Each structure stands twice: as structure tokens, then as C-alpha cells.
Amino acid sequence: MAFEDLKIQVSSIASNNEGSAKDKMTAICELLQEHIDYYDWVGFYMANHEARTLHLEAFAGEPTDHTVIPFGKGICGQVAESNENFVVPDVKAQDNYIACSITVKSEIVIPLFKDGKNIGQIDIDSHKIDPFTKEDEDFLEFVNEKVAALL
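Description of the structure in this document. As the structure is a computational prediction, the values presented were derived from the model and not from experiment.

1. A short note on the pattern of salt bridges
Side-chain pairing between opposite charges can occur once the charged atoms of the two side chains come close. This structure, assessed with the given rule, holds three salt bridges. With a closest N to O distance of 2.7 Å, Asp138 and Lys134 form a salt bridge. In this pair, Asp138 and Lys134 are both assigned in helix H4 (residues 134-150), four residues apart and thus about one turn of the helix distant. Under the relative-accessibility criterion, Asp138 is labelled partly exposed at 36%.

Dropping the structure here:
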């Protein structure tokens, strides 16, 4: 399914009046994981700025032990501090990578902003090396805008 078609479905989920924000975030994770063949794990981590930690809010894919991540640790923790997109073509080349599974080969993390503040992020793991493009970044920024409107 093309990103343009997925944008329509993400918008539909986000604008639905039924269900909690967490339910909608889970539905978005499931949609992306089901329809983009190299999105093997999709999750939203939300920031607790006082504790300087990220907390797994919603996901689709294999369960993970990484439900709380300190700022600065791993790719997600680095994005919590940098406020910038982070694309990792090959996780083996990253010193500060937290391995979730031996099958994960690459990762993309896009910060989620609300009112100019980084409140979380979307994290995608792939079992393929270097699948992510600028189109993925743009699409995931769109997804995050829709999710931010829910929160």
C-alpha cells in the first residue's frame, strides 16, 4: 500500500471519535506494521521529561522488554535529546544501539512534537538492512502530526 493511501487511513483512525488516544495509536501501529513490509515493529514511546525516560505507549509486532528507555540511551534515547530524526541503515554499525532482537537490522526514529515540545517518538524496526528513505521520514512526520493532535 502506498504512503498516500496510508495517510488517508491514518487520518481516518486519528479523527475517529471512538476509542482512547492509546487505542488509536495502537491501531496506527498495527496499520503500518501490516501494510509496509519492512516495518517489522512499530511503536510509540512517550517522554517523561521529569524522569528523563521514554515509556512504551503503543506498539505492533513482537513484545519488547524495552518498555522504559532513559534519555540518551539507544537510538530512541538519543532522539529524546537531539529532537531530530535518526535513521540507522545498519544497527550493527551503531555503538549506542539497544538490541531488541537479533532479527532487527535497521531502525528509524522520528520525534513527536506537540506545541513545539518533543513529547515522544515513533520507532520502527526492520529486519532488512537500509530500507528507509526520505519518503519514510516524511510519512512518519505526517503520522506524528496526526498523533500529536490526539494528545
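What follows picks up the thread again.
2. A look at the sheet that holds strand S6 (residues 117-126)
Strands belonging to one sheet form pairs held by backbone hydrogen bonds; the direction of such a pair is parallel or antiparallel. Read from one edge of the open sheet, six strands run S3-S2-S1-S6-S5-S4, paired in antiparallel fashion. Both outer strands of the open sheet, strand S3 (68-70) and strand S4 (86-88), are each paired with one neighbouring strand and no more. Neighbour-to-neighbour, the strand axes of this sheet turn through a mean angle of 25°, independent of strand direction. Sheet topology note: the strand S1 (residues 41-48)/strand S2 (residues 53-60) ladder contains seven bridges and is antiparallel. Bridge pairing in S2 places Phe44 opposite Ala58. Running over the sheet, H4 touches S1, S4, strand S5 (106-114) and S6 and is turned about 40° from S5.

3. A word on the packing of helix H2 (residues 21-35) against H4
Direction vectors running N to C along H2 and H4 enclose 165°, while the axes themselves pass 10 Å from each other. It follows from the interaxial angle that H2 and H4 lie roughly antiparallel. When you trace H2 past H4, the crossing you get is right-handed. Where H2 abuts H4, its residues Ala21, Lys24, Met25, Ile28 and Leu32 lie against Phe139, Leu140, Val143, Val147 and Leu150. A breakdown of the residues in the contact of H2 with H4 according to their chemical character gives nine nonpolar, no polar and one charged.

4. Concerning helix H3 (residues 74-82)
Taken together, the buried positions of H3 are Gly74, Ile75, Cys76, Gly77, Val79 and Ala80. Where H3 is buried, its residues meet S1, S2, S3, S4, S5 and S6. Looking at the residues trailing H3, positive phi occurs at Asn83, about 60°.

5. Some remarks on H2
With 15 residues, H2 should cover 21 Å at 1.5 Å per step; its first-to-last C-alpha distance of 21 Å lies within 8% of that length. Burial in H2 covers these residues: Lys24, Met25, Ile28, Cys29, Leu31 and Leu32. The arc that holds the buried residues of H2, viewed along the axis, is 160°, so those residues lie on one side. Residues of H2 that are buried make contact with helix H1 (3-15), S1, S2, S6 and H4.

6. Looking at the packing of aromatic side chains
When we look at a pair of aromatic rings, we describe it by the centre distance and by the angle of the planes. Summed over the entire model, instances satisfying the criterion amount to six aromatic pairs. Judged by centre distance (4.6 Å) and plane angle (20°), the rings of Phe3 and Phe139 are stacked. Taken together, the positions of Phe3 in helix H1 and Phe139 in helix H4 put the pair 136 residues apart, joining distant regions of the chain. Ring geometry for Tyr39 versus Phe132: centroids 6.1 Å apart, planes at 50°, classification tilted. Of this pair, Tyr39 sits in the loop between H2 and S1 while Phe132 sits in the loop between S6 and H4, and the two are 93 residues apart along the sequence. The exposure class assigned to Tyr39 is buried, which follows from its relative accessible area of 1%.

Rules of the game
- Residues numbered from 1 in each chain as written.
- Predicted model: local features only at pLDDT ≥ 70, side-chain atom pairs only at ≥ 80, totals over all residues.
- Heavy atoms only, no water.
- Salt bridge = Lys/Arg side-chain N within 4 Å of Asp/Glu carboxyl O.
- Helix = DSSP H or I, 4+ residues; strand = E, 2+ residues; numbered from the N terminus.
- Buried < 20%, exposed > 50% of the residue type's maximum accessible area, 1.4 Å probe, protein only.
- Pairing = 2+ DSSP bridges.
- Axes fitted to C-alpha atoms, helices over the stretch in contact; angles between N-to-C directions.
- Contact = heavy atoms within 4.5 Å.
- Parallel < 35°, antiparallel > 145°, perpendicular 65-115°, else oblique.
- Left-handed = near helix turned anticlockwise from the far one by under 90°.
- Nonpolar A, V, L, I, M, F, W, Y, C, P; charged D, E, K, R; others polar.
- Expected span 1.5 Å × (residues − 1).
- Arc of directions from axis to C-beta.
- Phe/Tyr/Trp six-rings, centres within 6.5 Å; stacked < 30°, edge-to-face > 60°.

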